[in-house]
Amino acid sequence: MIILGIETSCDETGVALYDNKVGLLSNQIYSQAQLHSCYGGVVPELASRDHISKIIPLIRSVIKQASLQLNQIDGIAYTSGPGLVGSLLVGATISQTLAFALKIPAIPIHHMEAHMLIAMLDNNEIKFPFLALLVSGGHTQLVYAKQLGQYKILGESIDDAVGEAFDKVARMLGLEYPGGAMLSNLAKLGNSKRFLFPRPMIKFGLNFSFSGLKTFASNIIRNNINNKQTFCDIARAFEDAVVDTLIIKCERALVQTGLRRLIIAGGVSANYTLRQKMSIMMDKRKEQIFFPRLEFCTDNGAMIAYTGYLRFSNIIQNPLSINVNPKWSLMDISKL
Ligand code: KG4
Ligand code: ZN
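Now for a quick tour of the structure. (Residues numbered from 1 in each chain as written. Chains lettered and ligands numbered in written order. Predicted model: local features only at pLDDT ≥ 70, side-chain atom pairs only at ≥ 80, totals over all residues. Heavy atoms only, no water.)

Our focus in this paragraph is the sheet that holds strand β3 (residues 23-31). Spatially, β3-β2-β1-β4-β5 is the arrangement adopted by the 5 strands of the open sheet, whose pairing is mixed. The strands lining the two open edges of the sheet, one partner per strand, are β3 and β5 (106-110). Neighbour-to-neighbour, the strand axes of this sheet turn through a mean angle of 20 degrees, independent of strand direction. Relative to strand β4 (residues 75-81), strand β1 (residues 2-7) is paired through 4 bridges, and the arrangement is parallel. When the sheet's bridge partners are listed, Ile3 is paired in β4 with Gly75. Packed onto the sheet, helix α3 (residues 85-102) meets β1, β4 and β5 and runs at close to 155 degrees relative to β4. Contacting β1, β2 (12-19), β3, β4 and β5, helix α11 (residues 302-311) runs over the sheet at an angle of about 130 degrees to β1. (Pairing = 2+ DSSP bridges. Helix = DSSP H or I, 4+ residues; strand = E, 2+ residues; numbered from the N terminus. Axes fitted to C-alpha atoms, helices over the stretch in contact; angles between N-to-C directions. Contact = heavy atoms within 4.5 Å.)

Below is the structure:
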């Protein structure tokens, strides 16, 4: 079975082809990061317009790379939420239209489910149930994954998502949007003893709060002589605070649920310190931890194509409606 996957939930146009017998045939991405960087964040209207101009050439390009014909595709999976409504509509429209023309199913996919399940592409040891920590630019969630399509959100951020906090602190340090990965590079050169950031909301519960760390960072920037080393030290202290907080909450969720497998996914799961420290924590607990391949941590079409394959058989579809769900919750997924 060959599935075409289309991701347009935010500012990356991602298209991929997955064949369940062979694996990933092609995975291409066009990032709009440069388009939005001068605004310090994604401008929704610009994002949807850019998806419109990039999506068809990208579809043609993956088909060419895989040496396929359109009529060899068995289904088209597309992100139908959560995300920016205009961007989602571009992917949904092209997918539903192409599927209708080719007389094949169009499969609406939940973006966060895809982030989580792509970890399974390289790790066939992953079995349900498991705990998932989803950390991206828009979400920070602890999820009890009971089985495919059955998810319970155990905790989430009450304000900024982790990736959002990374990007905002990065901006204060003069880095371009999205600055999460660049902040992490500065942190590698930082002195972990110079500043101590708070670990927010760690005493109880499974919810998170990251917005206070921005204020903390801006106060430190205001009260210090700002040179390269100070910025590296701030980046180090910020990253340590975030990672420690995520570890404390994950451990608590593992204890509370009795789950022994942890998947960490979403853009921030590319973070080196997070991967290292979480792995050490899970090693000590003698429990299993899994991450997606680095290139599949941030938004991509492969995760949509692969999840489309997993979900192919339980889709009830209405070929003439083009629906997106910008606020779609993981807990409402089984109502597909
Ligand atoms: O999953 P994703 O590509 O998009 C959303 O669904 O939001 O996540 C993007 C987020 C951005 O905030 C980006 O700065 C962050 O992931 N990110 C990182 C790293 N790589 C990407 N944050 C910290 N360290 C990284 N290495
Ligand atoms: Zn994402």
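Pairing is mixed across the open sheet formed by 5 strands, whose spatial order is β8-β7-β6-β9-β10. The open sheet terminates on both sides in strands that have one partner only, identified here as β8 (150-156) and β10 (288-290). For this sheet the average axis-to-axis angle between neighbouring strands, irrespective of direction, equals 25 degrees. By the bridge criterion, 4 bridges tie strand β6 (residues 130-135) to strand β9 (residues 261-265) in an arrangement that is parallel. What sits directly across from Leu131, in β9, is Leu262. Where helix α9 (residues 228-257) meets the sheet, its contacts fall on β6, β7 (140-147), β8 and β9, and the angle it forms with β6 comes to roughly 155 degrees.

Time to look at the pairing of β5. Burial of β5 is extensive: 5 of the 5 residues sit out of reach of the surface. Pairing geometry for β4 and β5, over 5 bridges, is parallel. Across the sheet, residue Ala77 finds its bridge partner in β5, namely Ile107. Taking the sense of rotation as the criterion, the β-α-β connection linking β4, α3 and β5 turns out right-handed. (Buried < 20%, exposed > 50% of the residue type's maximum accessible area, 1.4 Å probe, protein only. Right-handed = clockwise from strand over helix to strand, strands pointing away.)

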